[in-house]
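Chain and residue survey
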Amino acid sequence: MKKPATIGMLALALVTGSVLAQTMLPKLAVKKTYKVGFAQTESNNPWRLAETKSMQDEAKKLGYQLVYTDAAGSTAKQVADVRSMIAQKVDAIFLPPREDKPLAPVVAEARKAGIPVILIDRNIDPKLSKAGTDYVTFIGSNFIMQGQRVADWLVKNAGGKTNIIELEGTTGSSPANDRKKGFDDVIAKNPKFKIVASQTGDFSRDKGRQVAETLLQAHPEANVIYAHNDEMAIGAVSALQAAGKTPGKDVLVLSIDGGKEAVQMVVDGKINYVVESNPRFGPVAFKTLQDYAAGKKFPAKVVLSDRDYNPENAKEGLPGAY
Ligand code: AHR
């Protein structure tokens, strides 16, 4: 299998993966300015806010009109938001599909309406929608690798703690599917570790706290919590404190995202390890749009690089966290 091309956050690196024919995709004219849609999934956490700000800042810098919508955690609303952008005849659409299946039909509708779609952050089920045919490319992190990195850290640093509660992200979303796969596959190869419970916390702090409370009661032997994002990890820290346990010591807490609040918790010893999921899409997303208009071909995936935060580097990394 070919490795996806990798890019830094501010500049496109040379594409080394195979590029796609893109024969079915709508053309985008080279213009001084564009009217571009950005159909956000929700705005309930620092990661989403950082992503939105990055997109808005870049559009403003370039003098483009950004048609912004917030689906407020409703996949049905996100579908309607994309349809509204098609009706408004935007030049192109940036889409982070909240779930990996229900957005496939509107991506096809945009293509039929002559509007190129660039997927950012979350992906669509490749059985339903194809890069180079239905949409231009997917720009985002390698979520499988994020889960693998968390598991690799745990295997090396567990100190005898082996009973894991997994707090999953939004059911049916590509980061929840892939962060689970990446983590669980590594754990399955290390038989002394056991996932004692795995349940969705919907990427939400409050839901993560509630689910962690319930699962900690049902599994008093649990001594590791792996959360698919910072919000649920922060919720789990509250649940542990409420249960009279010391997060980071009695129970290891592991997370993905790398927002300031979670990185501060690594500094404070309440969270043990965080793999970043970089939300700063603006520069690379708009550069991709310009390059697409200029006729450049893209691979199916353009992968962003993510750093990580551990007890040794968190203090130094904190100022750079979003
Ligand atoms: O798609 C990325 C995930 O979605 C982030 O980890 C999470 O915080 C967000 O809501």
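Residues numbered from 1 in each chain as written. Predicted model: local features only at pLDDT ≥ 70, side-chain atom pairs only at ≥ 80, totals over all residues. Heavy atoms only, no water.

**Comments concerning the overall build of the chain**
The following threshold applies: The secondary structure listing takes helices from DSSP runs of H or I that are at least 4 residues long and strands from runs of E that are at least 2 residues long, numbered from the N terminus. Three exposure classes are used, based on accessible area relative to the maximum for each residue type with a 1.4 Å probe and protein chains only: buried under 20%, partly exposed in between, and exposed over 50%. Here a residue-residue contact requires only that any non-hydrogen atoms of the pair lie within 4.5 Å. Note on areas: Shrake-Rupley with a 1.4 Å probe; residue coverage comes only from the protein chains shown. We score Asp and Glu as negative and Lys and Arg as positive, and we do not count His or the chain ends. Just so you know, the charge point we use is NZ for Lys, CZ for Arg, CG for Asp and CD for Glu.
Scanning the chain from terminus to terminus reveals ten helices and 13 strands. Dimensions of the chain along its principal axes, counting C-alpha atoms only, are 60 × 35 × 35 Å. Residues counted as buried form 57% of the 322 residues belonging to the chain. Within the chain, contacts between residues at least 6 apart in sequence are counted, and of these 76% link residues at least 24 apart. Accessible surface, the chain as shown: approximately 13400 Å² in total, 55% of it carbon and sulfur. Between the mean site of the 43 positive side-chain charges and the mean site of the 35 negative ones, the chain shows a separation of 5 Å.

**Brief notes about the domain arrangement of the chain**
So the rule is basically this: Residue ranges assigned to each domain were obtained from an automatic or database domain assignment. Note: buried area is the sum, over both parts, of the accessible area (probe 1.4 Å) each one loses when the two are combined. Any carboxyl oxygen of Asp or Glu that lies within 4 Å of a side-chain nitrogen of Lys or Arg is treated as forming a salt bridge with it.
Looking at the chain, the domain boundaries give domain 1 (7–141 + 278–307) and domain 2 (143–277). One C-alpha centre belongs to domain 1, the other to domain 2; they are set 29 Å apart. Contacts between the two partners involve 17 residues from domain 1 and, on the opposite side, 18 residues from domain 2. Counting each side, the surface lost to burial between domain 1 and domain 2 is near 1400 Å², with a carbon and sulfur contribution of 41%. Linking domain 1 with domain 2 are two salt bridges.

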